[in-house]
Amino acid sequence: MLIERADVIVSSPGRNFVTLKITTDDGVVGYGDGTLNGRELAVASYLEGHVAPLLAGRDAHAIEDTWQYLYRGGYWRRGPVTMAAIAAVDTALWDIKAKVAGLPLYQLLGGASRQRCLVYGHASGQDIPELFDSVREHLAEGFRAIRIQTGVPGLDSVYGVASSSAASVGGDTRYDYEPARRSALPAEESWDTRAYLRHVPSVFEAVRSEFGDEIALLHDAHHRLTPIQAAKLGKSLEPYDLFWLEDVTPAENQEALRWVRHHTTTPLAIGEVFNTIWDYQYLISEQLIDYVRSPITHAGGITSVRRIMDYAALYQVKSGMHGPTDVSPIGLAAAAHLGLVLHNFGIQEYMVHSEQTREVFGPTHEFADGGLRPSEEPGLGIHFDEDLAAKYPYERAYLPVNRLLDGTVHDW
Ligand code: KDG
Ligand code: MG
């Protein structure tokens with residue numbers, strides 16, 4: 001069975017997505033996600049100009065060979081654009097293979113190790129009462145693990161905290177928040193680390209005393225801290241028994257996490273901006289992290305995330321794949337299939353996509369009892385509606401930029 005063609009579809013049902021559609025000479029169609037938030041057109045151009053022309057005529061079943069052909073054969077390795085493009089191809093080929101086999105993808109990957117993948121949702125609020133409402137909504141929906149983000153006194157807006165205007169995207173009753181905003185230029189937000197460090201422990205204290213010890217709590221520091229600030233935060237959150245503390249320092253300086261580790265037993269998660277196994281080699285072998293955050297969409301697809309997780313298993317490091325709205329329902333479906341199989345699965349992030357997004361992608365995975373389970377349909381279980389997607393053309397959108405109070409551009 002040969003690949004006949006590969007088509008790139010950029011659409012914006014509620015937000016921007018890059019979707020790759022691969023069609024075989026037998027007429028089997030597979031879909032892959034290559035969405036790179038705020039840089040979507042770079043992946044689309046990489047796929048259209050440099051990858052799609054190489055795929056026609058290749059054996060659709062030779063997934064590993066195609067992965068190596070695109071990764072090693074392209075000479076230029078790694079990087080988010082390259083690895084999102086390879087991820088889109090890899091995921092679409094797994095979708096095809098499973099459809100041809102007549103099996104849900106998880107069966108081809110080794111079969112289920114659990115009933116469903118534990119997920120965490122995003123509760124947030126500008127202040128404690130708003131946050132509590134959001135936590136209550138999540139509990140009512142069945143979430144057992146919840147990420148907690150709040151506004152910080154003195155700061156106008158904080159990334160990751162839902163604003164009521166976001167509810168207009170797609171018309172859902174609940175909408176977590178949209179990481180990127182549609183605009184010609186990125187929004188600029190101000191940031192004050194000292195105010196943040198003072199505030200966060202009091203938030204977790206309030207949440208634990210209101211909701212008890214059973215619920216798993218997570219927090220994302222968005223790479224904003226120096227090693228010693230991160231160590232202080234980890235230590236100050238120890239009484240609240242976090243499931244994890246995410247992205248405490250910028251991911252580039254990996255040695256920083258050793259400093260954090262020296263000071264705290266709060267579990268650490270990192271890697272949503274990493275894209276290959278090489279980004280994890282040191283962190284995992286030195287046992288500086290507890291959870292791998294790379295999503296299938298940004299790290300070369302199912303083939304390479306599986307490889308990272310098998311390596312991580314040697315060190316008892318677990319998965320915690322990135323799952324914001326900028327990972328499309330295709331990427332999320334792939335994560336649900338792989339997560340069901342992985343022995344060292346930890347947790348899956350699950351931000352609910354807007355209704356518009358779900359209408360276009362037609363996902364069939366199900367959320368129940370605090371977890372996701374892929375459907376039993378052959379393949380990924382995605383029913384992508386191309387005609388509907390065409391009604392939502394790309395709209396420029398960016399993640400916000402953070403500035404410190406003195407005006408300096410900051411990490412985030
Ligand atoms: O595209 C970037 C966002 O998806 C990211 O900032 C969200 O940090 C995030 C998370 O953990 O979901
Ligand atoms: Mg994050």
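Preceding this section is the structure that the text describes.
Residues numbered from 1 in each chain as written. Chains lettered and ligands numbered in written order. Predicted model: local features only at pLDDT ≥ 70, side-chain atom pairs only at ≥ 80, totals over all residues. Heavy atoms only, no water.

**Student:** Mind showing me how you'd approach the pairing of strand β4 (residues 117-125) here?
**Tutor:** Looking along a regular strand, one sees the side chains alternate between the two faces of the sheet. With eight of nine residues buried, β4 lies mostly within the body of the structure. As paired strands, β4 and strand β15 (residues 371-373) are joined by two bridges and run antiparallel to one another. Bridged to C117 within β15 is L372. The sheet contact formed by β4 and strand β13 (residues 345-349) spans two bridges and is parallel. When the sheet's bridge partners are listed, Y120 is paired in β13 with E349. Bridge count for β4 against strand β5 (residues 145-150) is six bridges, and the pairing is parallel. (Buried < 20%, exposed > 50% of the residue type's maximum accessible area, 1.4 Å probe, protein only. Helix = DSSP H or I, 4+ residues; strand = E, 2+ residues; numbered from the N terminus. Pairing = 2+ DSSP bridges.)

**Student:** Just to check I follow, could you spell out the coordination of the magnesium ion (ligand 2) for this structure?
**Tutor:** For a metal bound by four donors in a tetrahedral arrangement, the ideal donor-metal-donor angle is 109.5 degrees, while six donors in an octahedral arrangement ideally sit at 90 or 180 degrees. Binding of the magnesium ion (ligand 2) to the protein goes through D220 (OD), E246 (OE) and E272 (OE), at separations of 2.0 to 2.1 Å. Counting gaps between the donor residues of the magnesium ion (ligand 2) yields the pattern D-x25-E-x25-E. Here the residue E246 occupies a position in strand β9 (residues 244-246), and E272 occupies one in the loop between β10 (268-270) and α9 (278-285), the gap between them amounting to 26 residues. The class for E246 is buried, based on a relative accessible area of 0%. Judged by its relative accessible area of 16%, E272 is buried. (Donors = N, O, S within 2.8 Å, 3.2 Å for Na, K, Ca; no water.)

**Student:** Help me understand the environment of A123, please; the structure alone is not making it clear to me.
**Tutor:** One can find A123 in strand β4. Residue A123 is classed as buried on the basis of its relative accessible area, which comes to 1%. Along the sequence, A123 and R136 sit 13 residues apart, while their C-alpha atoms lie 8.9 Å from each other. Residues within four places of A123 in sequence aside, it is in contact with L131, S134, V135, H138, I146, R147, I148 and Q149. (Contact = heavy atoms within 4.5 Å.)

**Student:** How should I be thinking about the packing of aromatic side chains in this particular structure?
**Tutor:** Remark: the centre distance and the inter-plane angle together describe each pair of aromatic rings, the angle taken between the planes. A full pass over the atoms with the stated rule returns 16 aromatic pairs. A centroid spacing of 4.9 Å and a plane angle of 25° characterise the contact between W67 and Y71, whose relative ring orientation is stacked. Here W67 and its partner Y71 are both found in helix α2 (residues 63-71), four residues apart, which amounts to about one turn of the helix. When its relative accessible area of 5% is taken as the criterion, Y71 is described as buried. Centroid distance F143 to Y350: 6.2 Å. Interplanar angle 35°. Geometry classified as tilted. Taken together, the residues span a long stretch of sequence, with F143 in the loop between α5 (128-141) and β5 and Y350 in the loop between β13 and α12 (355-361) at a distance of 207 residues. Under the relative-accessibility criterion, F143 is labelled buried at 3%. By relative accessible area, Y350 is classed as buried at 13%. Among the aromatic residues, ring-to-ring pairing joins F17, Y31, F361 and F384 into one connected group. R224 extends its terminal NZ or CZ atom over the ring of W191, reaching a point 3.9 Å from the ring centre. (Phe/Tyr/Trp six-rings, centres within 6.5 Å; stacked < 30°, edge-to-face > 60°. Lys NZ or Arg CZ within 6 Å of the ring centre and 35° of its normal.)

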